[in-house]
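Architecture at a glance
Single-letter residue listing:
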Amino acid sequence: MQKSLLCVIGLFGLLAASSGPLSAQPAPTPADLTLHPGDTITWTPTSTHGVQFGGRTDVTTFTAIQGLLTLDPPPTANAQGAAQAGLGKTLKATVKSDAVAGSTFNFTCQAHPSDMVTVQFKIEAGAGGQSHDITTPGATKKWILKTATGDKNLNKP
Ligand SMILES: [Cu+2]
């Protein structure tokens with residue numbers, strides 16, 4: 001009797017955890033990760049996170065990024081090849097009109113470079129002009145993509 005009561009309590013706990021505000025965000029779909037020339041990405045990280053391109057073998061080099069995206073404000077790479085936007089700094093990227101279709105890129109966080117490596121975005125030919133917003137939910141080490149179907153966790157599993 002006691003065992004089954006505990007089971008029921010446990011089940012409710014799981015249900016509450018999966019439907020509550022603290023539930024894990026799902027992974028993005030391929031469509032969520034597809035960009036077109038003219039699309040923009042705006043990163044607005046909280047104060048403990050900042051966008052980084054390059055500087056690691058599992059992150060797209062800054063040189064490759066510069067061939068795909070126009071960055072505002074434009075960061076500069078350090079001696080290790082890492083281009084960092086700064087903690088809590090908003091960064092806006094526009095996909096270049098001559099970005100090669102099929103190109104992919106990913107990025108990470110300058111404060112948590114091994115924990116916040118993202119899955120890849122892909123650039124495809126087609127009409128652009130869509131905006132994509134990426135944030136960090138407070139202290140957790142996660143990049144979140146805002147989409148019409150809800151928040152998606154961009155971190156590489
Ligand atoms: Cu971070």
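Treat the numbers as computed from the prediction; the structure is a model and nothing was measured.

For the chain, the count of helices and strands is two helices and twelve strands. Reading the chain from its N terminus to its C terminus gives the helix and strand order α-β-β-β-α-β-β-β-β-β-β-β-β-β. Per-residue burial over the chain gives 26% buried out of 157 residues. Looking at the chain alone, contacts between residues at least 24 apart form 69% of all its contacts between residues at least 6 apart.

Cis peptide bonds are those with omega within 30 degrees of zero, and the linkage from Asp 72 to Pro 73 qualifies with -5°. Within the secondary structure, Pro 73 is located in the loop between strand 4 (69–72) and strand 5 (83–84).

This part takes up the nonpolar core. With 26 residues, the main nonpolar core has Phe 53, Ile 65, Leu 68, Val 95 and Ile 134 as its most contacted residues. Listing elements by their share of this core, those giving two or more residues are strand 2 (40–44), strand 3 (51–53), helix 2 (62–68), strand 6 (91–95) and strand 9 (121–123).

On the basis of which strands lie adjacent, the open sheet formed by six strands has the order 4-6-2-10-11-12 and mixed pairing. Single-partner strands in this sheet number two, and they are strand 4 and strand 12 (150–153). Pairs of neighbouring strands in the sheet enclose a mean axial angle of 25°, with direction left out of account. Across four bridges, strand 11 (residues 144–147) lies against strand 12 in antiparallel orientation. Bridging across to strand 12, Thr 147 finds its partner in Gly 150.

Here the focus is the sheet that holds strand 3. Reading across from one edge, 5-3-8 is the order of the three strands in this open sheet, with antiparallel pairing throughout. Among the strands making up the open sheet, the edge pair consists of strand 5 and strand 8 (108–109). Where strand 3 and strand 5 come together, two bridges link them in antiparallel fashion. Its bridge partner being in strand 5, Phe 53 is matched across the sheet by Ala 83.

The rules behind each value
- Residues numbered from 1 in each chain as written.
- Predicted model: local features only at pLDDT ≥ 70, side-chain atom pairs only at ≥ 80, totals over all residues.
- Helix = DSSP H or I, 4+ residues; strand = E, 2+ residues; numbered from the N terminus.
- Buried ≥ 20, exposed ≤ 12 C-beta atoms within 10 Å, placed from the backbone.
- Contact = placed C-beta atoms within 7 Å.
- Core = buried A, V, L, I, M, F, W, Y, C linked by C-beta atoms within 7 Å.
- Pairing = 2+ DSSP bridges.
- Axes fitted to C-alpha atoms, helices over the stretch in contact; angles between N-to-C directions.

Coordinates in, geometry out; function isn't part of it.
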